[in-house]
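Geometric and topological summary
The primary structure of each chain is shown beneath.
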Amino acid sequence: MSGATTAQQSRPRRTAAAQKQGSIDRLSATTWIDVAVVVVLSAIAVLGFQPAFGHFSFFTAAIGGLVVGTGSAVVCRLFRLSVPLTVTIAVAAYFLFGTPLAMPGSATLVVLPSLDSLAGLVIGAVFGWSDAVTLQAPLEAPPYVAVVPYVAGWLVTLVSVSLAVRWLPRAKGRGAGRAAVLVAGPLALFVAGILLGTVDAYLAAVRGVAFAAIALLWLAWRRTRSASVEVVADPGLLRRRIVGVGSVVLGAVVVGALAGSVLAPPPASRFVLRQEVTPPFDPLDYPSPLAGFRQYTKDLEKTELFTVDGLSSGQVIRLATMDSYDGVVWTVTDPKESSDASGSFELLGSTIPSPPLFTPGSTTKAQIDIKDYSDVWLPTIGYLTTLGFDAYQGTDPSTTVRVNTATGTTAVTSGVKDGLRYTVDATAQKIPSDKALAKVAPARLDLPPVTNVPDIVAAKAEEYAGSATTAIQKLRNLERSLKTLGYLSHGRASDPVPSRAGEGADRMTDLFAKAPMVGDQEQYASAFALMARRLGYPTRVVMGFAPKVVNGQATTVTGNDVTAWDEVAFDGVGWVPFFPTPTKTDAPKNQTTKPKLEPQPQVRQPPPADPKAQDLLTPVKTKDNERKEAKSGFAIPAWAWVVGGIVVIPLLLYFVPLLIVAALKRRRRKRRLTTGPPDRRAAGAWEELADGYDELGLSVPRNATRLQAAGALERQSAEQNLSVPTGGLATIARDVDAAVFDGSEVGSDRVDAVWRASDAAVADARSSAGRLRARLAAFRYRRRAKRAGR
């Protein structure tokens, strides 16, 4: 006891001498063990990110974050730096080492930070978490998603190790209870790895048992350290404590391992956030691709839509896959009905998993260059395995691409347009022979039922299928009958016979009731699918392009190359294609009936805009002629400039865009509120409301009336728990329509009333959206085109 007392008495003198000499402070052996335990527990926890990333490339970023956070906390404590200065240095180290560890692809000279890497470190720390739960594993794009494990490890170790080296040595009371606080950070990191992962955990039992065993042993050891007087008085008690604690921990490990292997829930029942998050893209907000089939064959017949380099002869290009029919159009299944429906699209990285029902065949690597094609649907070849964007204009498509792996359909919510170039690696479905398929039953899939199908379809299905006994024979009979009895016509002036567009119930009746059958891929693919579904076979309609390919040359795809076909699922094989459209065009003219005229909707022309000319502002030049004398004295050290620059850059990246967007919004609002006649200003109130909801992330329908848009916004607001004003948005839409169209004189008080209602609706929606969503909305800027339609 005397030696310990002497050491305690000499410690203040040694500390004072060290401070006087400016030497490094020392940490006790107990503190170093505490730090080591925190780091080991955190390393076990970050392994939980492996299922989300699918590879160990994230491990460099995760372990790097642990090292940077631990090093910052320990070094600052050794040099006795204050907590604010420690935080500043830790942030500087985060940006300095974050580039080579988390974003090496954006670095300058391999390791030096760049503007892109610094921005990625900020964006990844703030928004990477939401991307990590909406992107489908493995996480590969956008690049800043790798910042998630880096910032998680950095933050947990910075806080936990700082508590271990600063707070815990000075804490009073029993050591085990206080020391347990240090486990909170690694435990939170462990839980984060589970929530951000997939249903397939990475070594869940091993990691859980190791984490619990190390934590229990360390806490038991800390408890014995807190009872140092009792231990010294009775060394035998120390041995009994160690044996007792070791027995308890060993028993817990054995029981936990056995119970975990027996009672572990199946992977499908695991709760992970990505299973609960629905991507914001809803394909039902867009028109059915098949409904616009005639636009390609008529308006875009000779238009060069895109070029493909690497396409082989006989290959088709996929655009969209549809399996739901309501008697009007074929479309995708509502994603709300099923998580694996044809309308469920997910954010993906560059690597795309295989479909659930698929037999791989030949592989293709191709580069596609978009020209005059413009839509959200991305032309692809077969089923994608990798997708990389080489060039684009505007928004980075890697952050807005959505994929449905089951159907092979890909969409880019920011738009597929001129200037986009991308490379795909695709695998085709292997097609067995009909002889082999005769022994295979159709797959049992839960497809949405087709509705409003005319009775003649069922009669023709039985007639065309004939007396065949196998599924493939019946399907081939349907295909052969349509190709033999039908004639091809796109309804162009150059076609021998006219042909009406559409795939609704009336068009199907018209196709089968008249002799001979006349139509194009839109009608024949729809007819085949309805007949096959009537016979009980899982069938879907695919729209795409079938260009003529010249080997060794890039293929130019025009609107005339558009086509549609059908696919039927066979158990254990995949989706087998069928092409029921005939190639004959010389249909007898005297047996066809002139199709009904298709009236075009009348569109009211908008009133002429007469915007006021903007005043030209002439800047005033000033000149300071006073000679300033050089001042000497206090100079800011170089390290302060470096730290300040690293801290200021993220602040500028945050506030400068925010101020610019705010100025644009004020300018937009002022123009709509003050420019033009009163009815135009009243219409501006609705445009401001629509832009406000659009900036909150809601989808405002295009080419819809105000009442239709109001209904859509109200439905989305109810689904997302956003506040809606009393009476709903429909009341505001009616007031605006009345001001624009009823022909009465619109006064300033009427304009002010609709503007107040619009502002109140947007303010209520923004306040109920939450802080994070409101902040994101502050960075978005939308500008809807002027229109006068109702």
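Residues numbered from 1 in each chain as written. Predicted model: local features only at pLDDT ≥ 70, side-chain atom pairs only at ≥ 80, totals over all residues. Heavy atoms only, no water.

**A closer look at the pairing of strand β3 (residues 317–322)**
Let me state the cut-off plainly: Relative accessibility under 20% of the residue-type maximum defines a buried residue, over 50% an exposed one, and the middle range a partly exposed one, all with a 1.4 Å probe and only protein chains included. Under the scheme used here, helices are H or I runs from DSSP no shorter than 4 residues and strands are E runs no shorter than 2 residues, and both carry numbers assigned from the N terminus. Any two strands with at least two DSSP bridges between them are considered paired.
Most of β3 is tucked away, with 6 of its 6 residues classed as buried. Here 5 bridges tie β3 to strand β16 (residues 539–545), and the two strands are oriented antiparallel to one another. Directly across from Arg-318, in β16, lies its bridge partner Gly-544.

**Remarks on the side chain of Arg-533**
To be explicit about the condition: Here the positive residues are Lys and Arg and the negative ones are Asp and Glu; neither His nor the chain ends is included. For this document, the term salt bridge refers to a Lys or Arg side-chain nitrogen within 4 Å of an Asp or Glu carboxyl oxygen. In this description, contact between two residues means that some pair of their heavy atoms is separated by no more than 4.5 Å.
Looking at the element boundaries, Arg-533 is found in helix α19 (residues 521–534). Of the side chains with opposite charge, Asp-323 lies nearest to the buried Arg-533, which makes no salt bridge, at 6.3 Å. For Arg-533, the contacting residues outside a window of four places in its chain are Asp-323, Trp-330, Leu-447, Pro-448, Pro-449, Val-450, Pro-538 and Thr-539.

**Concerning the packing of aromatic side chains**
Put simply, the rule is: Each aromatic pair joins two rings of Phe, Tyr and Trp (for Trp, the six-membered one) with centres within 6.5 Å, and gets the label stacked for planes under 30 degrees apart, edge-to-face for over 60, and tilted for any other angle. For a ring to carry a charge above it, either NZ of a lysine or CZ of an arginine must fall within 6 Å of the ring centroid while also lying within 35 degrees of the normal to the ring plane.
Inspection of every chain in the model, using the stated rule, returns 13 aromatic pairs. For the ring pair Tyr-94 and Phe-95, a centre distance of 5.1 Å and an interplane angle of 85° mean the geometry is edge-to-face. Overall, the relative accessible area of 5% leaves Tyr-94 in the buried class. Using a relative accessible area of 7% as the deciding quantity, one classes Phe-95 as buried. Above the face of the Trp-575 ring, Arg-540 is positioned so that its terminal group lies 3.8 Å from the ring centre. Directly above the aromatic system of Tyr-487 lies the positively charged group of Lys-584, at a separation of 4.7 Å from the ring centroid.

**Quick look at the sheet that holds β16**
As a reminder of what qualifies: Every axis corresponds to a line fitted to the C-alpha atoms, with the helix fit spanning only the stretch in contact, and the corresponding angles, defined between N-to-C directions, vary from 0 to 180 degrees.
The strand order across the open sheet built from 5 strands is β9-β3-β16-β18-β19, with neighbouring strands paired in antiparallel fashion. With one partner strand each, in any of the chains shown, β9 (380–381) and β19 (574–578) form the two edges of the open sheet. Those strands touched by helix α17 (residues 471–485) are β18 (562–570) and β19, and its axis lies near 30° from that of β19. Contacts from α19 reach β16, β18 and β19 within the one sheet, and its direction differs from that of β18 by about 15°.

**Here we look at the packing of helix α22 (residues 706–719) against helix α23 (residues 728–741)**
Packed helices, taken two at a time, are described by the angle between their axes plus the distance between the axes. Cut-off, in case you're wondering: Should an angle fall under 35 degrees it is called roughly parallel, over 145 degrees roughly antiparallel, and 65 to 115 degrees roughly perpendicular, with every other angle called oblique. Take the far helix as your reference; a near helix turned counterclockwise from it by less than a right angle gives a left-handed crossing, and one turned clockwise gives a right-handed crossing.
Contact geometry for α22 and α23: axes closest at 8 Å, N-to-C directions at 165°. By the criterion of interaxial angle, the relationship of α22 to α23 is roughly antiparallel. The two elements α22 and α23 cross, and the hand of that crossing is right-handed. Two secondary-structure elements touch here, α22 through Arg-706, Leu-707, Ala-710, Leu-713 and Glu-714 and α23 through Gly-728, Leu-729, Ala-730, Ala-733, Arg-734, Val-736, Asp-737, Val-740 and Phe-741.

**What to know about the sheet that holds strand β10 (residues 383–391)**
Strand order across the open sheet formed by 5 strands is β10-β13-β7-β2-β17, with antiparallel pairing between neighbours. The sheet terminates laterally at β10 and β17 (555–558), the two strands that pair on one side only. Averaged over all pairs of adjacent strands, the angle between strand axes in this sheet comes to 25°, irrespective of strand direction. As defined by bridge partners, strand β2 (residues 304–309) adjoins strand β7 (residues 360–370) across 4 bridges and the pair is classed as antiparallel. Paired with Phe-306 across the strands is Ile-370, a residue of β7.

**As for the pattern of salt bridges**
Charged atoms that come close allow side chains of opposite charge to pair. The final tally for this structure, using the stated rule, is 21 salt bridges. With a closest N to O distance of 3.5 Å, Glu-463 and Lys-460 form a salt bridge. With Glu-463 and Lys-460 both in helix α16 (residues 455–465) and 3 residues apart, this pair spans about one turn of that helix. Residue classification places Lys-460 among the buried residues on the basis of a relative accessible area of 18%. For Lys-665, the salt bridge goes to Glu-695, with nearest N and O atoms at 3.4 Å. Of this pair, Lys-665 sits in helix α20 (residues 638–674) while Glu-695 is found in helix α21 (residues 678–695), placing the two residues 30 residues apart along the sequence.

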